[in-house]
Amino acid sequence: MNRPILFHDMHPPRHSTDFMTHTTVTDCQFVTVAGVAAAADAGYARLGESALDAVEAAVRSLESDPAFNAGRGASLNQAGEVELDSVIMDGRTLGAGAVAAIGPVAHPVSVARLLMQHTEHVLLVGSGATAFAREMGVPILEASELVTAESHAEWQAMATFGQSVTTLYNSRNAPPAVHGHDTVGAVALDAEGNLAAA
């Protein structure tokens, strides 16, 4: 069978523009499924090009969806700044690229891909990752373009406690399907048998 396959594994959403009005796990699942469906459509549309294009497109969709803790709507660091992480791997070449603690860019997965395809490096972190993105022509955004009201409110609430993130995360009363602190990912297998992940 030569039919392309696209798989997604998403962690629980944190919030979205309408998320604060969704109070039940069923409502949260609806927001999650809608985001995953959009990502699956975006990835599937690019699967004819390559598995690598498909996973990048799927993750870009999720990075644009404030329901997930990646890109727009991501959690802020202790200083109230946006720092993002992403990785991409190409099973055809066994290449990989990753960025960590990169400044505000709309799609860190695309920066990770640029790193993989245009350098010998596998990982860039912090200001080096942000400088690389700028050198590659990736627009550096204002942090406010990625911060949602919900992520800012969460940061303010966490800043009022003199406890570690682990303690705060474990003490939340909401069920895990409502609040999570994970990220997004996609895996694709194209018609040529090439596997990619992001």
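A brief look at the structure comes next.

Criteria and cut-off values
- Residues numbered from 1 in each chain as written.
- Predicted model: local features only at pLDDT ≥ 70, side-chain atom pairs only at ≥ 80, totals over all residues.
- Heavy atoms only, no water.
- Helix = DSSP H or I, 4+ residues; strand = E, 2+ residues; numbered from the N terminus.
- Buried < 20%, exposed > 50% of the residue type's maximum accessible area, 1.4 Å probe, protein only.
- Contact = heavy atoms within 4.5 Å.
- Areas by Shrake-Rupley, 256 points an atom, 1.4 Å probe, with all protein chains shown as cover.
- Expected span 1.5 Å × (residues − 1).
- Core = buried A, V, L, I, M, F, W, Y, C linked by side-chain atoms within 4.5 Å.
- Axes fitted to C-alpha atoms, helices over the stretch in contact; angles between N-to-C directions.
- Parallel < 35°, antiparallel > 145°, perpendicular 65-115°, else oblique.
- Nonpolar A, V, L, I, M, F, W, Y, C, P; charged D, E, K, R; others polar.
- Pairing = 2+ DSSP bridges.
- Right-handed = clockwise from strand over helix to strand, strands pointing away.

**A few points about the overall build of the chain**
- Within the chain, the regular secondary structure consists of 6 helices and 6 strands.
- What you see in the chain, going N to C, is helices and strands ordered as β-α-α-β-β-α-β-α-α-α-β-β.
- Burial analysis of the chain (198 residues in total) assigns 43% to the buried set.
- By sequence separation, contacts in the chain at least 24 residues apart represent 64% of the contacts at least 6 residues apart.
- Only carbon and sulfur atoms are counted for the fraction: they give 56% of the accessible area of the chain, which is about 10300 Å².

**Remarks on helix α2 (residues 51-64)**
- Along its 14 residues, α2 runs 20 Å from first to last C-alpha, staying within 8% of the 20 Å computed at 1.5 Å per residue.
- Taken across its 14 residues, α2 has 11 buried, putting it largely inside the fold.
- For α2, the complete set of buried residues consists of Ala51, Leu52, Asp53, Ala54, Val55, Glu56, Ala57, Ala58, Val59, Leu62 and Glu63.

**Regarding the nonpolar core**
- Core analysis: the biggest nonpolar cluster contains 22 residues, and Val55, Val59, Ile88, Val184, Ala188 and Ala198 have the highest contact counts within it.
- At the level of secondary structure, the elements contributing two or more residues to this core comprise α1 (25-46), α2, α3 (108-118) and β5 (186-189).
- For this core, the element with the most residues is α2, which contributes 7 residues.
- Grouped together as the second largest cluster of nonpolar side chains are 16 residues, Leu76, Leu84, Leu115 and Leu141 included.

**Side note on the packing of α2 against α3**
- The contact between α2 and α3 brings their axes to 8 Å, and the two run at 150 degrees. Compared by their axis directions, α2 and α3 come out roughly antiparallel. Taken together, the residues of α3 that come into contact with α2 (itself represented by Leu52, Asp53, Glu56, Val59, Arg60 and Glu63) are Pro108, Val109, Ser110, Arg113, Met116 and Gln117.
- Taken together, the residues that form the contact of α2 with α3 break down as 5 nonpolar, 2 polar and 5 charged.

**Focus on the pairing of strand β3 (residues 95-102)**
- A large share of β3 lies buried, amounting to 6 of its 8 residues.
- Between strand β2 (residues 84-90) and β3, which pair antiparallel and follow one another directly, the connecting turn spans 4 residues, one of which, Leu94, has a positive phi of 65 degrees.
- Where β3 lies against strand β4 (residues 123-125), 3 bridges are found, and the strand directions are parallel. Its bridge partner being in β4, Val99 is matched across the sheet by Leu124.
- The parallel pair β3 and β4, bridged by α3, forms a crossover whose chirality is left-handed.

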